[in-house]
Each structure stands twice: as structure tokens, then as C-alpha cells.
Amino acid sequence: MGRAYPESVSLYAPHPSPFGSAPAGLGTLDARARDIFRRIVETYLETGEPVGSRTISRGGLALSPASIRNTMQDLTLAGLLASPHTSAGRVPTHAGLRLFVDGLLEVGDIGQDERREIDARLAGKGRNFEEALDAATNLLSGLAGGAGIVASPVRDAGVKHVEFVALGHDQALAVLVGDDGTVENRLMPLSAGVTPSTLTEASNFLNARLKGRPLAEARTEMNAELTAARRELDAAAARLVEDGLAAWSGGGERDRALIVRGRANLLQDARAVEDLERVRVLFDDLEQKEQLIGLLDGVGAAQGVRIFIGAETRLFSLSGSAVIAAPYMTGRQRMLGAIGVIGPARLNYARVIPLVDYTARVLGRILDGQET
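This is a predicted model, so every value here is computed, not measured. (Residues numbered from 1 in each chain as written. Predicted model: local features only at pLDDT ≥ 70, side-chain atom pairs only at ≥ 80, totals over all residues. Heavy atoms only, no water.)

Student: Sorry if this is basic, but what is going on with the nonpolar core here?
Tutor: As a rule of thumb, nonpolar side chains are buried together in soluble globular proteins. F37, I118, I324, Y328 and Y349 are the most contacted members of the largest nonpolar core, which has 62 residues in total. The greatest single-element share of this core, amounting to 11 residues, is contributed by helix α12 (residues 349-367). Among the nonpolar cores identified, the runner-up in size contains 21 residues, and L296, L315, F316 and A338 belong to it. (Core = buried A, V, L, I, M, F, W, Y, C linked by side-chain atoms within 4.5 Å. Buried < 20%, exposed > 50% of the residue type's maximum accessible area, 1.4 Å probe, protein only. Helix = DSSP H or I, 4+ residues; strand = E, 2+ residues; numbered from the N terminus.)

Student: Help me understand helix α4 (residues 94-103) in this model?
Tutor: Count 3.6 residues to each turn of an α-helix, and residues three or four apart come out pointing the same way. Counting buried positions along α4 yields seven of 10 residues, so the element is predominantly enclosed. Listed as buried for α4 are A95, G96, L97, R98, L99, F100 and V101. If you follow the buried residues of α4, they end up packed against α1 (31-47), β2 (91-92), β8 (306-309) and α12. (Contact = heavy atoms within 4.5 Å.)

Student: Hey, could you run me through a nonpolar patch on the surface in this one?
Tutor: On the surface, V165, L167 and L187 cluster together into a nonpolar patch covering about 270 Å² of accessible area. One can find V165 in strand β4 (residues 159-166). Owing to a relative accessible area of 33%, V165 belongs among the partly exposed residues under this scheme. (Patch = residues over 30% accessible without salt bridge, like charges linked within 9 Å, V, L, I, M, F, W, Y side chains within 5 Å. Areas by Shrake-Rupley, 256 points an atom, 1.4 Å probe, with all protein chains shown as cover. Salt bridge = Lys/Arg side-chain N within 4 Å of Asp/Glu carboxyl O.)

Student: Whenever I open this one, the pattern of salt bridges confuses me. Can you help?
Tutor: When the charged atoms of two side chains with opposite charge come close together, those side chains can pair. Overall, the coordinates contain 11 salt bridges when judged by the stated rule. Between R116 and D113 there is a salt bridge, with its nearest N and O atoms 2.5 Å apart. With R116 and D113 both in helix α5 (residues 112-122) and three residues apart, the pair spans about one turn of that helix. Classification of D113 as exposed rests on a relative accessible area of 57%. When the shortest N-O distance is used, the salt bridge between R261 and D134 registers 2.6 Å. With R261 in strand β7 (residues 258-261) and D134 in helix α6 (residues 129-144), this residue pair connects regions lying 127 residues apart in the sequence. With a relative accessible area of 32%, R261 lands in the partly exposed category.

Student: I tried to follow the side chain of N207 on my own but got confused; where do I start?
Tutor: With respect to the secondary-structure elements, N207 resides in helix α7 (residues 196-210). Classification of N207 by relative accessible area gives buried; the value is 16%. If near-sequence neighbours (up to four positions away) are discounted, N207 is found in contact with H161 and V162.

Student: Whenever I open this one, the environment of L29 confuses me. Can you help?
Tutor: Take L29: it is sitting in the segment before α1. The class for L29 is buried, based on a relative accessible area of 12%. Along the chain, L29 and A78 lie 49 residues apart, while their C-alpha atoms are 9.8 Å from each other.

Student: What should I look at first to understand the sheet that holds strand β5 (residues 171-178) in this one?
Tutor: Sheets are built from strands paired through backbone hydrogen bonds, the pairs being either parallel or antiparallel. The strand order β4-β5-β6 describes an open sheet built from three strands, whose pairing is antiparallel. Only two strands of the sheet have a single partner each, and these edge strands are β4 and β6 (183-189). Taking the axes of each pair of neighbouring strands and ignoring which way they run, one obtains an average angle of 15 degrees across the sheet. By the bridge criterion, seven bridges tie β4 to β5 in an arrangement that is antiparallel. Across the sheet, V162 pairs through a bridge with L176, a residue of β5. (Pairing = 2+ DSSP bridges. Axes fitted to C-alpha atoms, helices over the stretch in contact; angles between N-to-C directions.)

Student: Got a minute to help me understand the pairing of strand β3 (residues 147-151) in this structure?
Tutor: Along any regular strand, the residues point their side chains to alternate faces of the sheet. With five of its five residues buried, β3 lies for the most part within the structure. Alternating residues of β3 divide into A147, I149 and A151 and G148 and V150, and every residue in both groups is buried. Judged from the five bridges that link them, β3 and strand β10 (residues 335-344) form a sheet pairing that is antiparallel. Note on β10: the bridge partner recorded for A147 is I342. The sheet contact formed by β3 and β7 spans four bridges and is antiparallel. From the neighbouring strand, A151 faces β7, where its bridge partner is L258.

Student: Is there a simple way to think about the packing of α5 against α12 in this case?
Tutor: To characterise two packed helices, one gives the angle between the axes of the helices and the distance between these axes. At a closest axis distance of 10 Å, the pairing of α5 and α12 adopts a crossing angle of 35 degrees. Both α5 and α12 take part in a crossing whose hand is right-handed. Residue-level contacts link E114, R115, I118, D119 and L122 of α5 to R351, L355, Y358, T359, V362, L363 and I366 of α12. Among the residues forming the contact of α5 with α12, the class breakdown is seven nonpolar, one polar and four charged. (Left-handed = near helix turned anticlockwise from the far one by under 90°. Nonpolar A, V, L, I, M, F, W, Y, C, P; charged D, E, K, R; others polar.)

Structure representation (C-alpha cells):
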């Protein structure tokens, strides 16, 4: 029996089914059908092969293969099982997998060895966002199989200091320091007539208006103030302010990092031509940066691990893949980003869910400055 995951307030947040009322729910299955359905799904997730009635009967179920076949037929008509090609066996449909995950899956704890490995691999990474995110994604890919994926945090820290540093007569470095200690440097061209006093004037102007405020919020208002700024500053300084705001705009949504590691793991279970085609489609899906970040950003609303199977996401409907993801949060429960695993629909959910959950919470503590 799986144990309740001890440290998670909400380990798994059930996902509203997109399949409507067509597939049967657990409440419509009697005890026999529920038991046979559970055994079929568990066997399929373990082997990846269609499951026949004789396999189930040999598993200790006190029913004849004929009785099991009849129940399997009923489950197929209910939309929970399917028969691939000419095989006499059955595999769960995506709707069947969703029903299993929501109602029958027993999620256990991760082992102490895995906890220690996660803690050790991520320790000391807190001073560099990219390093911590890359380590966590590689770690999940190796432990869980599939491809590890993470979206970098939405940066909404306040501005601490702004400065323009001349690097020559035609180039400057625009430096922005955040309240969270992060530093953004942008190279920008200098127009003719810019002097050291111009750089100082532009820096002071921006510091007075940006300090203590998130850049995205302040930048929106500053754009409206540029006309007035041109009257307050000399022409060269006003141009520098405008160019500086434009340079730092790259720190927004468009430049958020999406890290994907372990694509090779997706090829390990490709046994047939159709499996290779599914992986090829999935590789194409993994190149859709904005859609993937949008999917991961939506995970935070559930306050727990989210699971998407096949057609539940438009992005992965053709490849029939599954995503298991969890938000990584600050100590005050503000979502920073999300991390997860992408793989075939027959992922080992019972193993991967707690791995994703624990990794996300360790990553959140590290990025929040709370080393484990």
C-alpha cells in the first residue's frame, strides 16, 4: 500500500476531466470491474504491453478468463480501455488513465536515498538561478525517466539600483540591480554627445522613479512619462533613459528561460514505428517555448502536483504524452515557476509524482534563500 506523502499539504491536485460524461466514472463500476481495471492499468504501466485476460487471471484473481474478458469488454465500451490493432489484450485509454490517476492511484513516499541525492545535487546552487534550475531538471530526468522541464521564475523583484557605465565613446553598459540581488547587464550603443555627466543624469533620473518598484510595473508608467522626461532632461540623457528602458525590457516574459533535459530518455521505450513517430512529434512539441511556459505557469493555480494526459493539453494531444509538474514556491507561497517531467502516457505516476513534488519544494527553498 502506498503511504500518504508526509510533507506535502496537497501532493496531487485532481485535474478536471476534459472528456465530459462519456467515459464511465468509478461510481459506475462495481467492485469486480474496478479491481480488473486497476490490475490492467498497473500491468500496462509496468510493461507497456497490451494486457490480456489470462495475464489478469494468473495474478491471483479468482475469476475465469472468460469472466475477465466480459468485464474487459464492458470497460472498453465504457471508454476506459482500448484494443490496439489486432491484439486480444487491452490498454487504458487516456480517459482511463485519468480515472485511474484520480481515483485508484496509490502514491507512496520517495526513499531516503533519493531524498539525500536530491538535497545533495541541489545544495549550493542558490546563488545562481540558471545553475539551480539546470541541476534540478537534469536530476528529475535521471531519477524519473522522461524529459525534465522547468520554466525560470517570473522576475518581479523591486529595482535597487540603476547605472549606466561607459565602455567607450559609442557603447555603454546598462546595469540593473534587483532587491533580490540579481543583476542584469545590457550592452547598448551610445549616441553622439553623451558625456559622463549625461550618464549620471540619466542614472539619477531612473533611480528616483524605479527604486523599490518591480521593473515591469514601473516601465509601463515610465513609458507614459517619457514626453515629460524629454522636457526635464537634456536630449542626450532623455534618449539614454529611453534606450535603457528598452534594453531592460528583455528581462520580461519573452526572455524567460525554458530548460529541457533528458530527451534521449524518451527514445528508450520506442518499440515500434508508431512509437518513434510519437517521440518525433513530442520533440517538435518541446520546441514550442511559449506554449510550454504557459502550460507550466498554469500549474501554480492548483497548489499541488498537476498531471496532464494526452488531449488534456492541446500541445501534447498528437503525441499522446503526459506531463507531471509542480510549482516551486517561496516561503510565503508565492509561485516562482514550475518544474516537471514529460514522457509517454504510461509514466510511472506513483513514482514520478512524489519525485516531482519533493524536487519542486527543495528547489523553491533554495531559490528563496532557504538552503536545505
